[in-house]
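Here is what each chain is made of, one letter per residue.
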Amino acid sequence: MSAGPKFPQVEYSESSGALRRCYDDMQSVLRVPWVMFAARSLAVFGGFVPAAWQAAAPVFRTDRLERAADDLRALAVLPVADPPDPRPRLAELGFDEAGIGQVRRALDALNYGNVKYLLLITAWCEGIQGRSSGGTTPDRSEPATLPAGPPESMAALHLVDPRDADERVRRLLTRVTDLHLHHGPSSDFRVLAGWPDFLEVALDDVLGPVVRSAPYETTALALLERARSHVRRFPAPAGLSPEQALAVCTETEVAAITGLLFLFQRFILDVTIDMVRCTQSLDGRDAAASSPFSAR
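Keep in mind that this is a model prediction, so the values were computed, not measured. (Residues numbered from 1 in each chain as written. Predicted model: local features only at pLDDT ≥ 70, side-chain atom pairs only at ≥ 80, totals over all residues. Heavy atoms only, no water.)

### Section: the overall build of the protein
A count of helical and extended segments in the protein gives 13 helices and zero strands. In the protein, the order of α-helices and β-strands from amino to carboxyl end is α-α-α-α-α-α-α-α-α-α-α-α-α. Relative to the compact-globule value of 19 Å for 296 residues, the protein shows a C-alpha radius of gyration of 18 Å, a close match. Counting over 296 residues, the protein shows a buried share of 54%. (Helix = DSSP H or I, 4+ residues; strand = E, 2+ residues; numbered from the N terminus. Rg over C-alpha atoms; globule rule 2.2 N^0.38 Å. Buried < 20%, exposed > 50% of the residue type's maximum accessible area, 1.4 Å probe, protein only.)

In structure tokens, the structure reads:
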């Protein structure tokens, strides 16, 4: 439960040395203002995260990755009726347009980055299970290199720590984890916990009616298959093979990493769909399927 002990992870503020440099480079290359929950959790195992990111970074610096991310974001819009507009209920709670603007900016950053992290965790998951994480399809094109660092207009994100939150926020984060059958709150929901009124309305009206429904599950499976297809077409492997992982971790650690990658892959599929749907509730289907930060 989210109100209990925090799932083992190395937060950015707790990182140092090679791991801090890895975290910084990951955010710079992916152009996002946070390190995904999966990487923070996997960082407790030896040198896996720095080594796995070193393999992935060259692929993730290019506009090829941007195009794949755009494709996944569009696919994450559920094939069901649009969610209700949360603003009438929010207005009754005294949540003004300034607050809506702050939430919108946070969602823009999250929706830009989630699909990139989905591709990253898929590459790591495929590699450690001995499947292709790229390099099997000849590609002689020269993709453009993306600029480093988050776009200037992208919001900085604050992740609420459930252990420091008030009772209402802890209950909301517990609702999140129980609704999805997750093991803890994602980075995304820790960000939205900064606006508990919005999070409560989103859970009640935007996400609660669809999470784990048949269209939701079908969309998650389609996202996974599309992500795997993109990863197989990467110009070089973006994940570590079992043998490469064993060079930086023990056998026991590799077994644990394999299980966690499988867990977090489903986790990020859910979160990707959720944040896209939250944007859809505020700005419509077209806005949810795109990103103001994608390099065109």
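Further notes follow.
### A word on helix α1 (residues 17-30)
The terminal C-alpha atoms of α1, which comprises 14 residues, lie 20 Å apart, in line with the 20 Å expected from a rise of 1.5 Å per residue. Those residues of α1 lying buried are Leu-19, Cys-22, Tyr-23, Met-26, Gln-27, Val-29 and Leu-30. Against α2 (37-42), α3 (48-60) and α6 (97-128) lie the buried residues of α1. At the exit of α1 stands Arg-31, carrying a positive phi of roughly 65 degrees. (Expected span 1.5 Å × (residues − 1). Contact = heavy atoms within 4.5 Å.)

### Quick notes on empty space enclosed by the protein
Tallying each qualifying case throughout the model produces one cavity of 30 Å³ or more. Here the largest cavity defines a volume of roughly 100 Å³. Lining the largest cavity are 14 residues, with Met-36, Phe-37, Asp-188, Phe-267 and Ile-268 positioned closest to its centre. Counting only elements with at least two residues in the lining of the largest cavity, the list comes to α2, α6, α8 (187-192) and α12 (251-283). Counting residues per element, the lining of the largest cavity draws most heavily on α12, which supplies four residues. When the residues that make up the lining of the largest cavity are grouped by side-chain class, the tally is 10 nonpolar, three polar and one charged. (1 Å grid on protein atoms, 1.4 Å probe; cavity = no way out; pocket = protein on both sides within 12 Å on 5 of 7 lines; lining within 4 Å. Points joined across faces, edges and corners; volume = space filled by probe spheres on them. Nonpolar A, V, L, I, M, F, W, Y, C, P; charged D, E, K, R; others polar.)

### Considerations on the layout of surface pockets
Here the largest pocket defines a volume of roughly 270 Å³. If you go around the largest pocket, you meet 16 residues; those closest to its centre are Glu-11, Tyr-12, Ser-13, Arg-40 and Leu-159. Split by residue class, the lining of the largest pocket holds six nonpolar, three polar and seven charged. Of the voids in this model, the second largest pocket is the one considered here, and its volume is about 190 Å³.

### Side note on helix α4 (residues 63-75)
Taking 1.5 Å as the rise per residue, α4 with 13 residues should run 18 Å; its terminal C-alpha atoms sit 19 Å apart, in good agreement. Buried within α4 we find Arg-64, Leu-65, Glu-66, Ala-68, Ala-69, Asp-70, Leu-72 and Arg-73. Among the structural elements, α3, α6, α10 (214-232), α12 and α13 (285-288) are those in contact with the buried residues of α4.

### Some remarks on the nonpolar core
If you look at the biggest cluster of nonpolar residues, it comprises 103 residues, and the most contacted ones within it are Met-26, Phe-48, Trp-53, Phe-60, Trp-124 and Phe-198. The biggest single contributor to this core is α6, with 17 residues. Trp-53 has contacts with Cys-22, Asp-25, Met-26, Val-29, Leu-30, Phe-60, Leu-120 and Trp-124, leaving out every residue within four places of it along the chain. (Core = buried A, V, L, I, M, F, W, Y, C linked by side-chain atoms within 4.5 Å.)

### Let's talk about unusual backbone geometry
Only a minority of non-glycine residues have a phi that is not negative, and only a minority of peptide bonds are not trans. Its identity as a non-glycine residue notwithstanding, Leu-181 has a phi of 60 degrees, on the positive side. Among the structural elements, Leu-181 can be located in the loop between α7 (167-180) and α8. In the Ramachandran plot, Arg-212 falls in the positive-phi region, its phi being about 70 degrees despite a non-glycine side chain. Inspection of the secondary structure puts Arg-212 in the loop between α9 (196-207) and α10.

### Concerning the environment of Pro-235
Within the secondary structure, Pro-235 sits in the loop between α10 and α11 (242-246). When its relative accessible area of 36% is taken as the criterion, Pro-235 is described as partly exposed. Considered as a pair, Pro-235 and Thr-137 are 98 residues apart in the sequence and their alpha carbons are 6.8 Å apart. Not counting residues within four places of it along the chain, the set of residues in contact with Pro-235 comprises Val-59, Arg-64 and Gly-135.

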